[in-house]
Protein chains: 6
Amino acid sequence: MHPEGSVLVEFGNTRVLCTASVTEGVPRWRKGSGLGWLTAEYAMLPRATTTRNDRESVKGKIGGRTHEISRLIGRSLRACIDLKALGENSIVLDCDVLQADGGTRTAAITGAYVALADAVGFLAANKKLAGKPAQVLHRSVAAVSVGIIAGEPRLDLCYEEDVIADVDMNVVCTGTGDFVEVQGTGEQAVFSRAELDLLVDLGALGCAELTALQQKAIAG
Amino acid sequence: MHPEGSVLVEFGNTRVLCTASVTEGVPRWRKGSGLGWLTAEYAMLPRATTTRNDRESVKGKIGGRTHEISRLIGRSLRACIDLKALGENSIVLDCDVLQADGGTRTAAITGAYVALADAVGFLAANKKLAGKPAQVLHRSVAAVSVGIIAGEPRLDLCYEEDVIADVDMNVVCTGTGDFVEVQGTGEQAVFSRAELDLLVDLGALGCAELTALQQKAIAG
Amino acid sequence: MHPEGSVLVEFGNTRVLCTASVTEGVPRWRKGSGLGWLTAEYAMLPRATTTRNDRESVKGKIGGRTHEISRLIGRSLRACIDLKALGENSIVLDCDVLQADGGTRTAAITGAYVALADAVGFLAANKKLAGKPAQVLHRSVAAVSVGIIAGEPRLDLCYEEDVIADVDMNVVCTGTGDFVEVQGTGEQAVFSRAELDLLVDLGALGCAELTALQQKAIAG
Amino acid sequence: MHPEGSVLVEFGNTRVLCTASVTEGVPRWRKGSGLGWLTAEYAMLPRATTTRNDRESVKGKIGGRTHEISRLIGRSLRACIDLKALGENSIVLDCDVLQADGGTRTAAITGAYVALADAVGFLAANKKLAGKPAQVLHRSVAAVSVGIIAGEPRLDLCYEEDVIADVDMNVVCTGTGDFVEVQGTGEQAVFSRAELDLLVDLGALGCAELTALQQKAIAG
Amino acid sequence: MHPEGSVLVEFGNTRVLCTASVTEGVPRWRKGSGLGWLTAEYAMLPRATTTRNDRESVKGKIGGRTHEISRLIGRSLRACIDLKALGENSIVLDCDVLQADGGTRTAAITGAYVALADAVGFLAANKKLAGKPAQVLHRSVAAVSVGIIAGEPRLDLCYEEDVIADVDMNVVCTGTGDFVEVQGTGEQAVFSRAELDLLVDLGALGCAELTALQQKAIAG
Amino acid sequence: MHPEGSVLVEFGNTRVLCTASVTEGVPRWRKGSGLGWLTAEYAMLPRATTTRNDRESVKGKIGGRTHEISRLIGRSLRACIDLKALGENSIVLDCDVLQADGGTRTAAITGAYVALADAVGFLAANKKLAGKPAQVLHRSVAAVSVGIIAGEPRLDLCYEEDVIADVDMNVVCTGTGDFVEVQGTGEQAVFSRAELDLLVDLGALGCAELTALQQKAIAG
């Protein structure tokens, strides 16, 4: 009801509420630069997972995983937006995981893009943008997780698959198929150049499908 | 999907996700007492409100309002449960406000009772209770906010009404019409004995209606 | 010696040092509003109680109980004062419990009112008020705790009584007998409408006696 | 009323409440060592000073000055006590400054010794000591601040003198005139060997006077 | 002098002190599992950079970047070690940047491997390993940063290059040329599949050179 | 490479990296005063000692010992500098212990003086000082630790000696033999007036030697 942009993404059983909050003006140290500001915050509800996690507000500090994912979402979404054309406006993207079953960070990026598009639309409707909407949001961005399980590449791992995957990769692509971020990690095993290629290709394919769904959601 | 008890309460535009998480065993200092443990945590998503609030995890500490409400929910729900009959099990009630439009704390109490009933059912089904389910959950509890606006008592204030109310009261009642907690506050104005009586009566009435809805939800 | 208002309240064995600190000006976000600012902080010395409590400064965070009581004191005292007539001055009320034996929050409110009256007198003497002193402090406020022990209502519970009380209520009244805040809690038991009435009446009576003592203290 | 040892020290206008809290047992890492444990904590009420200081509990961390003084008090008092003869008991000395007018840390040490003597007496009366009381508390300790103002040495500086002093020294002595701690600081100026000698002698003299007062207080 | 493994890595002007600290035993929750434990912490001295950064200890919390890099180092080094063969021993790898000029995280990983090899040697010499040294440290690991500047791929970017790079990638490889982690980020620009291939190949080449240097350092 | 002043001090096996960071301007509350600002921060790398210490950044707070030493370094160095002649410039002295073997705080003070001299030279070369360099840095300062071991006074204790010392004293002197700070502590034992004299004399002697080395380092 309240946010300037808001979307509930579902990837399998994963559910992430992505909202975009717009404020006029930018943080003090950025005033007068003519540039806007975009930042992202990721969090999980305590019982989004199979067993309850203590709240980070209760622990009094944010964990490394939360920090890492918030930074990844922020970087990915800043790749879509021209901060000059945005003008001195600030956008905060909040991605709150209501229910988790693998791929929460990639679901968050994919949903945050839709919320961001809404927010840019809101700013355009209120004539607050420095540039044209198409200049402001000059690219789209979507993300998937891919992995290798028992030697076989798989798209969009659920939690059970994620746990047994040998290699895990997050791929963030633009709507035109370029890469914004590629993060491949071999926790259980290392991976060869050939496996890397397979994962990257599969990730790019998955992002292309999501791009189509995003366009529909925004159009609808 | 994951929690032992889970309910999404809607009071007007207010939406609170209440989950109950069960773990066998109790905190260390309570071991061997034969008593169970029940605690509650309340929080708001940053954009549940008309303007965005900074996350308490980012600020590194929990605010006074959050503390106060978490304590109120915990006290109210502990009034329904016999910790001895519960046995050495722990239940955490998480009440996360997804969208706020007044009355979030009373919605949280009312919903948390339903999630708690689910969790007690879960423990019963798994034969983990020390007593019988009806002994464990020996009362029901529901809550409403009431107020006086322009001299007139009103039930279940939305945000706009809450802001202009002269007096604001939260009433927590059992299913049999007794009081668990009564908190009346005259921020804008003070209130007379007669007004106090009106508010208490209206609150009790509101709780009775909610009790009926809770029974339905649990039965359904 | 130092504060603009200072009083040591004794309720039975409970001893609370209440001071009022005045500064010209208001927090930055309130500048230019023409309104003053009043806030309160409550704390206990570590050995005010029968066993030692760790300091909240050492734990690095303020507990829920402290937050809740500080907020209650602040609300109650803001009910006495016209922030417009106060002008852009800030008053901080510090209530530090030196020795605790039940009823520390109500003792704190009652004492804080006297310290506040001193502080308003100090501001008047220094010609810093926007309005007349009687406009600034347009009401008095006092508070008592009441409870039901073994079925019988009791005024001003000491610690031993508080522990065994079935129902516990804090009543904050103005000097003219209106209510500012009523907080009734049935930790051990629930309470009926008739019990609620008894407690409220007893509380109002207790506040009236304290009002008389406050007037004496201020006059003296 | 509650603590095992408790004394309100007055040095000029400085007032420090010193309490000793006794618990059987020692921190986990010390169990089975046969040694006791003694620690000290120093704090100021927010309005102990001419202008109000923010609470360290509200700031969420303890400042350097508080840490430094707490450590000094702890070291000084550990010099009086034989932790083996104390047995596996813990003593916490809390020194809370109610009103400050210079020399709060030395007043705290001098008062804490008296509270400690009370606490040792309490343990002796309850037959909890491993050794005899005179072995446990084998020395007394007292402390004064001395300074040089306009070239002249002065004992026990009040706040106004402290601010203008060229050199400031805290001297902690045993009842037999030996030194436990000597801390001389030349914030405004440096000091010569001759000045150091003067200050040390004056401090030792001051401590001897305080020792006599302490004996009286304990005897009384 | 003190650590079980210690190395000062120099990559251009970047200098990172990597130490490995060994303790017998593992964290409580891991006891009895037969598995060892390896963790890493990364930090910068405040003036490692061209302008001074505030200490994270003073700010009271660890920033997102520090968290992210500490986690990356930990994951990369855990890929080299068989925790079962290590037995119930804990190793902490500390990577402290004394001087920074680009590539501090990759320098830290490369140096930490050498410190880890020393530490495993120390454990072997003291007969504390569950398996043979070659089983324990069954792989080597090295890391480089690569980037695209003005369309051209570059190895091991210094700070000035890093700032102007369109794409930045960290590549972590084993001594046999497999990948442990690949993190490519297009902050200024996005990157094509062809550019990704170029960067990955260049990174693998750079790691191979570092592997040779590591073997020399360990042998020497 | 980066800091305006930088020196690596070695006292026996103790190694402290001292850097001076210069910024134009002063903290907000000091603006317009015409006075400069000098502050110091001390820290230890986690494995500077024989066993690893947890990072204060990870613990989320600075310990009492760190606070106490940072304050001592700051006071000592402020004794050398005329803040008016410095003009509205800020200098932060960072003393990071890379390897510890006793006397880290006195090594830090002695090294920080040399880094400070470099920084003042840098400011002079850039014509940023309000006064002449010799006015700005009107004194030199050096520090040593002295102690009594088995009845015998010793200069510059290493860690093993420090642990067994009966009395431990830190002496901070100017280049002309006056005292800036004298801190004598009898943790294991108390000390007589005669012992105090011996320690002070030995400390002054040690400082004189260090002054000569400092002059050489600055000249070189």
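Structure shown above.
Now for a quick tour of the structure. (Residues numbered from 1 in each chain as written. Chains lettered and ligands numbered in written order. Predicted model: local features only at pLDDT ≥ 70, side-chain atom pairs only at ≥ 80, totals over all residues. Heavy atoms only, no water.)

**Looking at the environment of C:Ile91**
Piece 1. Tracing the chain through its elements places C:Ile91 in strand E4 (residues 89–99).
Piece 2. Setting aside residues up to four positions removed in sequence, C:Ile91 forms contacts with C:Ala20, C:Ser21, C:Val22, C:Trp37, C:Leu38, C:Thr39, C:Leu86, C:Leu116 and C:Leu123. (Helix = DSSP H or I, 4+ residues; strand = E, 2+ residues; numbered from the N terminus. Contact = heavy atoms within 4.5 Å.)

**Considerations on the relation of the copies chain F and chain D**
Piece 1. Mapping chain F onto chain D is achieved by rotating through 180° and translating by 0.0 Å along the same axis, at an RMSD of 0.0 Å. The two molecules are tied by a two-fold rotation axis, judged by turn and shift. Closest to the rotation axis within chain F is the C-alpha of F:Gln183, separated from it by 2.2 Å.
Piece 2. Mapped onto chain D, 100% of the interface residues of chain F are again interface residues, and the two copies thus contact each other with one and the same surface. (Least-squares fit on C-alpha atoms with pLDDT ≥ 70 in both.)

**Overview of the pattern of salt bridges**
Piece 1. Under the criterion given, the structure shown has 90 salt bridges over all chains.
Piece 2. A:Arg15 is the salt-bridge partner of A:Glu10, the closest N and O atoms lying 3.0 Å from each other.
Piece 3. Residue classification places A:Glu10 among the partly exposed positions, given a relative accessible area of 46%.
Piece 4. Between F:Asp201 and D:Arg193 there is a salt bridge whose closest N-O contact spans 2.1 Å. Taken as a pair, F:Asp201 in helix H7 (residues 193–219) and D:Arg193 in helix H7 (residues 193–219) lie in two separate chains rather than in one. (Salt bridge = Lys/Arg side-chain N within 4 Å of Asp/Glu carboxyl O. Buried < 20%, exposed > 50% of the residue type's maximum accessible area, 1.4 Å probe, protein only.)

**Side note on the packing of H7(D) against H7(F)**
Piece 1. Closest axis-to-axis distance for the H7(D)/H7(F) pair is 12 Å, and the angle between their directions is 155°. Considered as vectors, H7(D) and H7(F) are oriented roughly antiparallel to each other. At the point where H7(D) passes H7(F), the crossing takes the right-handed sense. Here H7(D) contributes D:Arg193, D:Leu196, D:Asp197, D:Val200 and D:Asp201 to the contact with H7(F), which in turn contributes F:Arg193, F:Leu196, F:Asp197, F:Val200 and F:Asp201. (Axes fitted to C-alpha atoms, helices over the stretch in contact; angles between N-to-C directions. Parallel < 35°, antiparallel > 145°, perpendicular 65-115°, else oblique. Left-handed = near helix turned anticlockwise from the far one by under 90°.)

**Comments concerning the interface of chain E and chain F**
Piece 1. On the side of chain F, 33 residues touch chain E, which itself brings 33 residues to the contact.
Piece 2. Here chain E packs against chain F, burying approximately 2600 Å² in sum over the two surfaces, 55% of which is carbon and sulfur.
Piece 3. Broken down residue by residue, the surface that chain E buries against chain F is led by E:His2, E:Arg47 and E:Arg55, which jointly contribute 26%.
Piece 4. Residue F:Arg55 is joined to E:Asp94 by a salt bridge in which the shortest nitrogen-to-oxygen separation is 2.8 Å.
Piece 5. Counting across the interface, chain E meets chain F through 22 residue pairs in polar contact (both at pLDDT 80 or more).
Piece 6. Contributions of two or more residues to the side of chain E that touches chain F are made by strand E2 (14–24), strand E3 (37–44), helix H1 (56–59) and strand E4 (89–99) of chain E.
Piece 7. Considering every element that reaches the side of chain E that touches chain F, the biggest residue donor is E4(E), with six residues.
Piece 8. Class assignment for the residues of the side of chain E that touches chain F results in 15 nonpolar, nine polar and nine charged. (Buried area = accessible area lost by both parts, 1.4 Å probe. Polar contact = N/O pair within 3.5 Å; in protein donor to acceptor, adjacent residues only side chain to side chain. Nonpolar A, V, L, I, M, F, W, Y, C, P; charged D, E, K, R; others polar.)

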